[in-house]
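# Chain and residue survey
What follows is the residue order along each chain.
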Amino acid sequence: MKTNLIHFLRISFPFLLTVALWRLSGNFWNPAGILAIIPIFFCSFVKPTDWFPLFSVFMCFVIDYKFETVCFWLAIYCLFYAINCFQNFIDMQRMEANGLPAFSVFFGITILIQVFTNFTFITLLNGIWIWILTFILYIPITTLIKRVQND
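Residues numbered from 1 in each chain as written. Predicted model: local features only at pLDDT ≥ 70, side-chain atom pairs only at ≥ 80, totals over all residues. Heavy atoms only, no water.

## So, the side chain of S104
Among the secondary structure elements, S104 is positioned in helix α5 (residues 100-117). A residue is classified by how much of its surface remains accessible, and S104, at 16% relative accessible area, is buried. (Helix = DSSP H or I, 4+ residues; strand = E, 2+ residues; numbered from the N terminus. Buried < 20%, exposed > 50% of the residue type's maximum accessible area, 1.4 Å probe, protein only.)

## Comments concerning the nonpolar core
Counting residues in each nonpolar core, the largest one holds 41 residues, and the members touching the most others are I37, F41 and F107. Among the elements of the structure, α1 (2-23), α2 (37-46), α3 (52-67), α4 (72-86), α5 and α6 (121-148) are those that each provide at least two residues to this core. For this core, the leading source of residues is α2, giving eight residues. Those residues within four positions of I37 in sequence are excluded, and the remaining contacts are C60, I63, W73, F103, F106 and F107. (Core = buried A, V, L, I, M, F, W, Y, C linked by side-chain atoms within 4.5 Å. Contact = heavy atoms within 4.5 Å.)

## A few points about the side chain of Q149
Here Q149 shows up in the segment after α6. A residue is classified by how much of its surface remains accessible, and Q149, at 14% relative accessible area, is buried. Ignoring anything within four residues of it in the chain, the contact list for Q149 reads R10, P14, K47 and T49.

## Here's the deal with a nonpolar patch on the surface
A grouping of F121, I122, L125, I128, I132 and I136 is seen on the molecular surface, where their side chains present a nonpolar patch of about 590 Å² in accessible area. Among the residues examined, L125 registers a relative accessible area of 42% and is labelled partly exposed. (Patch = residues over 30% accessible without salt bridge, like charges linked within 9 Å, V, L, I, M, F, W, Y side chains within 5 Å. Areas by Shrake-Rupley, 256 points an atom, 1.4 Å probe, with all protein chains shown as cover. Salt bridge = Lys/Arg side-chain N within 4 Å of Asp/Glu carboxyl O.)

## Observations regarding the environment of F80
With respect to the helices, strands and loops of the structure, F80 is situated in helix α4. Distance in space between the C-alpha atoms of F80 and I63 is 17 Å, their sequence separation being 17 residues. The residues contacting F80, other than those within four sequence positions of it, are F41, F45, M92, A102 and F106.

## A few points about the environment of N98
Structurally, the position occupied by N98 is in the loop between α4 and α5. A sequence separation of 44 residues divides N98 from T142, and the C-alpha atoms of the two residues are 6.9 Å apart. Excluding residues that lie within four positions of it along the chain, N98 makes contacts with F42, V46, Y138, I139, T142, T143 and K146. Within the structure, N98 has its side chain in polar contact with the side chain of K146 (distance 3.1 Å). (Polar contact = N/O pair within 3.5 Å; in protein donor to acceptor, adjacent residues only side chain to side chain.)

## Let's talk about α3
In a regular helix each residue adds 1.5 Å, so 16 residues correspond to 22 Å; α3 covers 22 Å between its end C-alpha atoms and thus fits that length. Looking at the buried positions of α3, the neighbouring elements they touch are α1, α2 and α4. Where α3 ends, the next residue or the one after it, E68, has phi of about 60°, a positive value. (Expected span 1.5 Å × (residues − 1).)

## Points about the packing of α2 against α5
Interaxial distance between α2 and α5 falls to 11 Å at its minimum, and their mutual angle equals 125°. Looking at the two axes, α2 sits oblique to α5. Judged by the twist between their axes, the crossing of α2 over α5 is right-handed. Every residue of α5 that contacts α2 at I37, I38 and F41 is listed here: A102, F103, F106 and F107. For the contact of α2 with α5, the residue count by class is seven nonpolar, no polar and no charged. (Axes fitted to C-alpha atoms, helices over the stretch in contact; angles between N-to-C directions. Parallel < 35°, antiparallel > 145°, perpendicular 65-115°, else oblique. Left-handed = near helix turned anticlockwise from the far one by under 90°. Nonpolar A, V, L, I, M, F, W, Y, C, P; charged D, E, K, R; others polar.)

As structure tokens, this is what we get:
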């Protein structure tokens, strides 16, 4: 009984963490739950988890809802997923730092798109702040996911 519960929690941890990061949104530290994009990216591209891409599509839609954007994060996620499926020379599963370089490109491009669609100095500073924050929190969150799943 105990091992079944531990096994269930190991499997469900990335899903629960994603929902928790989305729910813990705040205007300055986690606007619209954007930190949930870290486990979405990691469990979809770097360490593929069963059923996570379908869950990621739903969570990107939910992030769009909180951000009040019309399928922006969903479109970027689907585009990156398609690019990743057609790639031949980049292996994100074997990248150093849990795929941090690929994540910084993915997240940096999306932040730049959002900043330049409504460009002001404050929007630029906010975009830089969000990128730095997610860049700093990427390694601890992905390491936590790997340790819980015993990989």
